[in-house]
Amino acid sequence: MIAPVAAHRSPAAPRRRGGTALLGDLLDDAERRILASRQADLWKPWVARADAEEIAELVLGRTIGDDDLDQPLSAATRRRLQAMFQRRIDGEPLAMIRGWIDFRGLRLTVRGDVFTPRPSSELLAIEAIRRLRRRRRPVAVDVATGAGPVALAVGDAVPGARVIGLDIAARAVSLARSNARRLAVGNVEFRRSDMLAGLPRPLRRQVDVITFHPPYVAGHELKTLPGEIARFEPVESLTDRSSDGLGLVRHLADEATAWLRPGGWVLVEVGPYLARSATAVLRRGGIRDLRSLRDGLAVTRVLAGQAP
Ligand SMILES: C[S@@+](CC[C@H](N)C(=O)[O-])C[C@H]1O[C@@H](n2cnc3c(N)ncnc32)[C@H](O)[C@@H]1O
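Being a predicted model, the structure only gives us computed values, none of them experimental. Per chain, the residues get numbers from 1 upward, laid out in the order the sequence is written. For this predicted model, a pLDDT threshold of at least 70 governs which residues receive local features, and a threshold of 80 or more governs which side-chain atom pairs are given and counted, while totals over whole chains, interfaces and linings are taken from all residues.

Q: Break down the overall build of the chain for me, citing the residues and quoting the values.
A: Runs of E in the DSSP output that reach at least two residues are strands. Runs of H or I that reach at least four are helices, and both are numbered from the N terminus. The helix and strand inventory of the chain stands at 10 helices and 11 strands. Taken against the 2.2 N^0.38 rule, which gives 19 Å for 308 residues, the C-alpha radius of gyration of the chain at 21 Å falls within 12% of a compact globule. Taken over 308 residues, the chain has a buried fraction of 43%. C-alpha atoms define the radius of gyration, and 2.2 Å times the number of residues to the power 0.38 defines the globule rule. With C-beta atoms placed from the backbone, the exposure class of a residue follows from how many other C-beta atoms lie within 10 Å of its own: 20 or more, buried; 12 or fewer, exposed; in between, partly exposed.

Spelled out as structure tokens, the structure:
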């Protein structure tokens with residue numbers, strides 16, 4: 001990947017040499033249009049350039065460097081590039097365009113009908129791994145597992161753990177299972193389940209860590225989401241349709257202590273704006289010593305607390 005460009009040009013349209021567009025100019029143009037798109041959800045402006053470059057690398061099938069920027073492109077390559085740039089400008093997440101995402105070193109397949117994992121959820125996995133490594137033959141449950149990023153990262157990093165990923169959507173469970181098979185992570189199983197209902201009863205008061213990245217957008221806020229999220233993610237992965245977005249956090253708070261060992265951990269990923277209210281919900285469910293954790297991205301918070 002070329003480093004974010006400080007001194008790039010912003011032409012109105014890609015320049016051409018002898019009727020052929022140069023890669024650098026196409027990249028400049030794509031960057032400008034991704035940045036201006038009302039559909040794309042960029043957590044930092046430089047992501048527009050990084051996305052354009054990664055799309056170009058996908059289309060060209062190789063890494064591009066500074067020397068490539070002045071290279072003329074054939075008309076066919078230019079058309080393929082512009083079609084792919086347009087998908088990003090229209091809000092399609094980069095991971096969906098390429099069909100995979102790297103999460104804690106694991107290459108996960110993503111699909112349009114299952115929530116696309118975000119790098120910001122790595123914090124949830126990291127905090128779970130830290131706590132599980134201290135325990136002998138621990139049990140971890142990842143509720144709302146989606147494509148399985150957190151469950152698989154935990155299983156991969158703590159081979160002695162038994163990890164169970166749960167999701168209400170059959171297509172999420174099927175994708176998570178196929179990710180587990182392809183990555184040969186053998187200590188993670190996935191089950192279709194409404195919250196914790198599908199856990200085997202012998203696991204009551206045996207679980208060391210529950211991780212949860214819930215759909216936390218309030219029902220009435222759905223219409224305010226950027227197109228990249230609203231149009232490309234399944235609606236049940238975004239909202240539980242409650243008025244505050246915390247319906248499923250309340251559900252977890254009601255059930256978690258029945259499954260956790262004494263001193264077992266609940267880790268919940270939410271938007272920073274929900275950290276206080278979600279903490280109050282978990283406290284009312286009997287979870288103790290709650291704290292709010294953040295990483296360098298600071299896009300989300302992970303609330304961490306323990307069962308009595
Ligand atoms: C925000 S996504 C998180 C997916 C995954 N953990 C990740 O970080 O990529 C929320 C997930 O919750 C699942 N979900 C929604 N309601 C649920 C419920 N009642 N019980 C279990 N899973 C649920 C959705 O199918 C979706 O996969």
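Q: Tell me about unusual backbone geometry, residues and numbers included.
A: Backbone geometry places Arg104, a non-glycine residue, at a positive phi of 50°. On the secondary structure map, Arg104 appears in the loop between strand E3 (100–103) and strand E4 (106–109). Of note, Arg241 is a non-glycine position whose phi angle comes to about 65°, a positive value. With respect to the helices and strands, Arg241 occurs in the loop between helix H8 (227–230) and helix H9 (247–259).

Q: Account for the nonpolar core, with residues named and values stated.
A: Remark: nonpolar core denotes a set of buried Ala, Val, Leu, Ile, Met, Phe, Trp, Tyr and Cys residues whose joining runs through C-beta atoms within 7 Å. Judged by nonpolar contacts, the single largest core of 71 residues is most densely connected at Ala128, Val154, Ile210, Val268 and Ala278. When near neighbours in sequence (up to four residues on either side) are disregarded, Ile210 contacts Val141, Val143, Ala256, Trp259, Leu260 and Val266. Each residue gets a C-beta atom placed from its backbone, and two residues are in contact if those atoms lie within 7 Å.

Q: Tell me about the packing of helix H1 (residues 23–36) against helix H3 (residues 75–89), and name the residues and values.
A: Axis lines are fitted to C-alpha atoms, over the contacting stretch for helices. Their N-to-C directions set the angle, which ranges from 0 to 180 degrees. Remark: H1 packs on H3, axes separated minimally by 9 Å, with the N-to-C direction vectors making an angle of 15°. As summarised for this structure, H1 and H3 are arranged roughly parallel, according to the angle between their axes. As for the relative orientation of H1 and H3, their crossing is right-handed in sense. Contacts between H1 and H3 involve Leu26, Ala30, Arg33 and Ile34 from the former and Arg78, Leu81, Phe85, Arg88 and Ile89 from the latter. Only Asp, Glu, Lys and Arg are considered charged in this grouping, and only Ala, Val, Leu, Ile, Met, Phe, Trp, Tyr, Cys and Pro are considered nonpolar; every other residue, Gly among them, is considered polar. For the contact of H1 with H3, the class distribution of residues is six nonpolar, no polar and three charged. Every angle not falling under 35 degrees, over 145, or within 65 to 115 is termed oblique; those three ranges are roughly parallel, roughly antiparallel and roughly perpendicular. Two helices that cross are described as forming a left-handed crossing if the nearer one is turned anticlockwise from the farther one by less than a right angle, and a right-handed crossing if clockwise.

Q: Give me the lowdown on the domain arrangement of the chain, citing residues and values where you can.
A: Along its sequence, the chain is carved into domain 1 (16–91) and domain 2 (100–306). Across the contact, six residues belong to domain 1 and seven residues belong to domain 2. Residue composition of the side of domain 1 that touches domain 2, grouped by class: two nonpolar, two polar and two charged. Domain start and stop points were drawn from an automatic or database domain assignment.

Q: Give me the site of the ligand: which residues, what numbers.
A: Placing the C-beta atom from the backbone, one calls a residue near a molecule or strand if that atom lies within 6 Å of it. Lining the immediate surroundings of the ligand are 22 residues, of which Pro117, Ala144, Gly146, Ile168 and Ser237 lie closest. Breaking the shell around the ligand down by element, the ones donating at least two residues are helix H6 (149–157) and strand E6 (162–167). Residue composition of the shell around the ligand, grouped by class: 14 nonpolar, five polar and three charged.

Q: Lay out the packing of H9 against helix H10 (residues 275–284) with the relevant residues and their values.
A: Orientation of H9 relative to H10, taken along the N-to-C sense of each, is 25°, at an axis distance of 8 Å. The pairing of H9 with H10 is recorded here as roughly parallel in orientation. For the pair H9 and H10, the sense of crossing is right-handed. Two secondary-structure elements touch here, H9 through Val249, Arg250 and Ala253 and H10 through Ala278, Val281, Leu282 and Arg284.

Q: Give me the pairing of strand E8 (residues 207–212): which residues, what numbers.
A: Regular strands have side chains that alternate between both faces of the sheet. By the criterion of burial, E8 is predominantly enclosed, with six of the six residues buried. The pairing criterion is simple: DSSP has to find at least two bridges between the two strands. Relative to strand E9 (residues 260–270), E8 is paired through five bridges, and the arrangement is parallel. By the bridge assignment for E9, Phe212 is matched with Val268.

Q: Kindly report on the sheet that holds strand E11 (residues 301–306), identifying the contributing residues and their values.
A: The strand order E7-E6-E5-E8-E9-E11-E10 describes an open sheet built from seven strands, whose pairing is mixed. Of all the strands in the sheet, just strand E7 (188–192) and strand E10 (288–293) have a single pairing partner and so form its edges. Averaged over neighbouring strand pairs, the angle between their axes works out to 15° when direction is ignored. Of the strand pairs in this sheet, E9 and E11 are connected by six bridges, and their pairing is antiparallel. By the bridge assignment for E11, Val266 is matched with Gly305. Each of strand E5 (139–143), E8, E9, E10 and E11 is contacted by helix H5 (residues 122–132), which is oriented at about 175° to E8, the strand it contacts most. In the packing of H10 onto the sheet, contacts are made with E9, E10 and E11, and the angle to E11 comes to roughly 20°.

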